[in-house]
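# Descriptive structure summary
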Amino acid sequence: MDTADAPGARADFGFRDVPVGEKARLVRGVFDSVAGRYDLMNDLMSLGAHRLWKDALADWLAPRPGALLLDVAGGTGDVARRWRARGGGPAIVCDINRAMIEAGRARPGRADPGLSWLCGDAEALPLPDRSADACSIAFGLRNVTRLDAALAEARRVLRPGGRFLCLEFSGPPLSALRRPYDLWSFRVVPEIGRLVARDREAYVYLVESIRRFPDREALAARIAAAGLGRVAWRPLAGGVAALHSAWRL
Ligand code: SAM
């Protein structure tokens, strides 16, 4: 049993602890609220760096024609589009939030028949066992209620030999970055959220949730505990974010 399922269990929602059954509803509220401004907010609050990190993720995935990518918590489809642009086979964007999927579908540009959208929960993926060649999750793991269940699901849907990649904010950053990063996170990002997405609290949650997330080594251990092998990670931007890689062996 996941500890999140123990009687009276609580889950983190930013710096608050909430009853475990509440977190998904609260997270849904955040993304319902910001979906229309999500892409613009990503550029503003990361100063465009999220694009480079997603490029690094897509490069590390080494897309191949004919290989199927499942991008979990895929939001507006940034990772799946990169996979396709690099010559990867079909890509499925799976997200629990319809508003995020609709924002992704509404993006300008030619429709790609190799890109499909699926509404589903990372903790109970609506895909058969061993059906994907690669499985990615970018800035999604910290939003799920049961992290270990989401990792176990990623393993379940991967074919043996399939690749798992996770991109997340991380910590701790290099000591020289800590103070400016704290100021940016706790002072500037919520204000950008208020002005641009008209929801300051959503961005308070997002920056707080980053601080509650396991550090690089702890996340690597959780990935290994889910049964994925050859776990490796790379820090990005002085440790502000990290890419974790593993395989279903
Ligand atoms: N991967 C996209 C990106 O990097 O731009 C979106 C990341 S966004 C910060 C987090 C996404 O996780 C949201 O689209 C949200 O709806 C989704 N999400 C939260 N909980 C989820 C769950 N249990 N299963 C699937 N998606 C979930």
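Higher on the page you've got the structure.
Figured I'd write up the structure that's included with this text.

### Section: the pairing of strand 5 (residues 115-119)
As judged from the 5 bridges shared by strand 4 (residues 91-95) and strand 5, these two strands associate in the parallel manner. Residue Asp95 lies in a different strand from strand 5, and its bridge partner there is Cys119. On the question of chirality, the crossover connecting strand 4 to the parallel strand 5 by way of helix 5 (residues 98-105) is right-handed.

### So, the pattern of salt bridges
Enumeration according to the criterion identifies 22 salt bridges in this entry. For the salt bridge of Arg51 with Asp43, the shortest nitrogen-to-oxygen distance reads 2.9 Å. Two residues, Arg146 and Glu123, come together in a salt bridge whose shortest N-O distance is 3.0 Å. A residue pair is termed long-range when its members are at least 10 positions apart, and Arg146 in the loop between strand 6 (132-138) and helix 6 (147-157) and Glu123 in the loop between strand 5 and strand 6 qualify at 23 residues. Each of the salt bridges in this network shares a partner with another, and the network as a whole consists of Asp39, Lys54, Asp78 and Arg107.

### Some remarks on the packing of helix 7 (residues 175-197) against helix 8 (residues 200-212)
Contact geometry of helix 7 with helix 8 gives a least axis separation of 7 Å together with a crossing angle of 150°. Relative to helix 8, the element helix 7 lies roughly antiparallel. The handedness of the crossing between helix 7 and helix 8 comes out as right-handed. Here Tyr181, Asp182, Ser185, Phe186, Val189, Pro190, Glu191, Gly193, Arg194 and Ala197 of helix 7 come into contact with helix 8, specifically with Arg200, Tyr203, Val204, Val207, Glu208, Ile210 and Arg211.

Reading the values: the criteria
Residues numbered from 1 in each chain as written. Predicted model: local features only at pLDDT ≥ 70, side-chain atom pairs only at ≥ 80, totals over all residues. Heavy atoms only, no water. Pairing = 2+ DSSP bridges. Helix = DSSP H or I, 4+ residues; strand = E, 2+ residues; numbered from the N terminus. Right-handed = clockwise from strand over helix to strand, strands pointing away. Salt bridge = Lys/Arg side-chain N within 4 Å of Asp/Glu carboxyl O. Axes fitted to C-alpha atoms, helices over the stretch in contact; angles between N-to-C directions. Parallel < 35°, antiparallel > 145°, perpendicular 65-115°, else oblique. Left-handed = near helix turned anticlockwise from the far one by under 90°. Contact = heavy atoms within 4.5 Å.

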